[in-house]
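# Coordinate inspection notes
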Amino acid sequence: MLKPLISRMGGKSKLRKTIIGMIPEHSCYVELFFGAGWVYFGKEKSKVEVINDIDRELVNLFKMLKYHAEEVRRLMTYEICSRDIFSEYKNIDINSLTDIQRAIRFIYLLSQSFASKGDNFGYGTTGMPGPQIFNTENLLKIKERLRNTYIENLNFEEIIKKYDRPHTFFFCDPPYFETKGYKDKFTEEYHIKLRDLLRNVEGKFILTINDHKQVREWYKGFNIIEAEVGYSVCKDNKGRRKFKELIITNY
Ligand SMILES: C[S@@+](CC[C@H](N)C(=O)[O-])C[C@H]1O[C@@H](n2cnc3c(N)ncnc32)[C@H](O)[C@@H]1O
């Protein structure tokens, strides 16, 4: 199993083995909300694979790894952990950067920020500065893994419409419902749109989402499994709680 290069809020590091064990037979694997890609990087290759995320910077990073992994690796070795550099990267006009520089900036901001949100410089007295930035070991393996994968940068609706077939399996891990901290607001309207599309797909799907009364209502009639996962996206201990998550399937 490969470890992703970046962290992302809601990443499935703790749940990936369970999810992978539940993936049904398929020949086309489609991940609608890729993020860091814990499941994709952990599972066996499928015949055809598609990864999608609406975040342009994330998709640019994977494209740069696919085509220019050596150069990304070379540039990463120059990076050091500094509040000033963090601030420069955060405030720079990305249109003034090359695509490779944009990829480095993206890794830098995620790996050096609190809870990988890219907003505030992360520092502490008990851990060394973001090790990922110096850890380039996995990079070539990740590049190899991405070689035969379609990388998409579309809204989930379009991906479902384009790739839905009886032999398709969709892994769907959207931003949680009514949960603070996500950069893009994934509204109730989006959640219902996703449910309506998933209800009618020819293929199979797994959806992972926070355990919420409303979500259970939307997916009444589907198979719902509960899973308990620990998350720590808060600086104080009060926010570090165990959360229940739902794994919903149509098979
Ligand atoms: C919970 S994260 C996915 C985490 C991922 N499963 C992992 O293991 O790292 C949700 C992702 O959905 C993406 N996203 C948000 N709105 C989207 C949309 N309308 N269409 C596609 N992707 C979207 C976000 O950019 C984010 O990376």
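Residues numbered from 1 in each chain as written. Predicted model: local features only at pLDDT ≥ 70, side-chain atom pairs only at ≥ 80, totals over all residues. Heavy atoms only, no water.

Once that is clear, we can look at the domain arrangement of the protein chain. Considered domain by domain, the protein chain is made up of domain 1 (1-54 + 154-251) and domain 2 (55-146). Counting residues at the interface gives 24 residues for domain 1 and 21 residues for domain 2. Inspection of the domain 1/domain 2 interface yields 2 salt bridges. Of the charged contacts in the structure, one is a salt bridge between Asp55 and Arg8, with a shortest N-O distance of 2.8 Å. (Domains from an automatic or database assignment. Contact = heavy atoms within 4.5 Å. Salt bridge = Lys/Arg side-chain N within 4 Å of Asp/Glu carboxyl O.)

This part takes up the site of the ligand. In the vicinity of the ligand lie 24 residues, with Lys12, Ala36, Asp53, Asn155 and Asp173 positioned nearest. Within the backbone of Ile54, a nitrogen or oxygen atom sits 3.3 Å from a nitrogen atom of the ligand. Between a nitrogen atom of the ligand and a side-chain N or O atom of Asn155, the distance comes to 2.7 Å. Considering the ligand on its own, with 610 Å² of exposed area, one finds that the protein chains cover 96% of that surface. Of the residues that constitute the shell around the ligand, the class distribution is 13 nonpolar, 6 polar and 5 charged. (Near = heavy atom within 4 Å. Polar contact = N/O pair within 3.5 Å; in protein donor to acceptor, adjacent residues only side chain to side chain. Areas by Shrake-Rupley, 256 points an atom, 1.4 Å probe, with all protein chains shown as cover. Nonpolar A, V, L, I, M, F, W, Y, C, P; charged D, E, K, R; others polar.)

The subject of this paragraph is the environment of Glu144. In this fold, Glu144 is placed in helix H6 (residues 139-146). When its relative accessible area of 41% is taken as the criterion, Glu144 is described as partly exposed. Separated by 105 residues in the primary sequence, Glu144 and Thr249 have C-alpha atoms spaced 30 Å apart. (Helix = DSSP H or I, 4+ residues; strand = E, 2+ residues; numbered from the N terminus. Buried < 20%, exposed > 50% of the residue type's maximum accessible area, 1.4 Å probe, protein only.)

Below, the discussion takes up the pattern of salt bridges. Here the structure, examined in full by the defined rule, presents 18 salt bridges. Between Glu157 and Lys161 there is a salt bridge, and its shortest N-O distance comes to 3.9 Å. With Glu157 and Lys161 both in helix H7 (residues 156-163), this residue pair falls 4 residues apart, about one helical turn. A relative accessible area of 18% places Glu157 in the buried class. Residue classification places Lys161 among the exposed positions, given a relative accessible area of 57%.

Further remarks concern the nonpolar core. Core analysis: the biggest nonpolar cluster contains 46 residues, and Leu61, Phe62, Leu65, Val72, Leu146 and Ile206 have the highest contact counts within it. Those elements giving two or more residues to this core turn out to be helix H1 (16-22), helix H2 (38-42), helix H3 (56-76), helix H4 (83-91), helix H5 (99-111), H6, strand S4 (168-172) and strand S6 (223-230). Residue contributions to this core peak at 9 residues, all from H3. Each of domain 1 (1-54 + 154-251) and domain 2 (55-146) accounts for three or more of the residues forming this core. Each residue touching Leu61, except ones within four places of it in the same chain, is listed here: Leu5, Ile6, Ala103, Phe106 and Ile107. Counting residues in hydrophobic clusters, the runner-up holds 26 residues, among them Val30, Phe170, Leu198 and Leu207. (Core = buried A, V, L, I, M, F, W, Y, C linked by side-chain atoms within 4.5 Å.)

A word on the packing of H4 against H5. Where H4 meets H5, the closest approach of the two axes is 10 Å, and the angle between their N-to-C directions is 125°. Here H4 lies oblique to H5, going by the angle between them. Here H4 runs over H5; the crossing is left-handed. Contact with H4, carried on its side by Ile85, Phe86, Tyr89 and Lys90, involves Ile104, Arg105, Tyr108 and Leu109 of H5 and no other residues of that element. Split into classes, the residues belonging to the contact of H4 with H5 amount to 6 nonpolar, no polar and 2 charged. (Axes fitted to C-alpha atoms, helices over the stretch in contact; angles between N-to-C directions. Parallel < 35°, antiparallel > 145°, perpendicular 65-115°, else oblique. Left-handed = near helix turned anticlockwise from the far one by under 90°.)

On to the state of the cysteines. Under the criterion given, the structure shown has 0 disulfides. Of all cysteine sulfurs, the one in Cys28 lies closest to Cys172, which takes part in no disulfide; the gap is 13 Å. (Disulfide = S-S within 2.5 Å.)

Glancing now at the side chain of Lys12. When you line up the elements, Lys12 lands in the segment before H1. Here Gly10 takes part through its backbone oxygen, which lies 2.6 Å from a polar atom of the side chain of Lys12. A polar side-chain atom of Lys12 sits 3.0 Å from a polar atom in the side chain of Tyr176.

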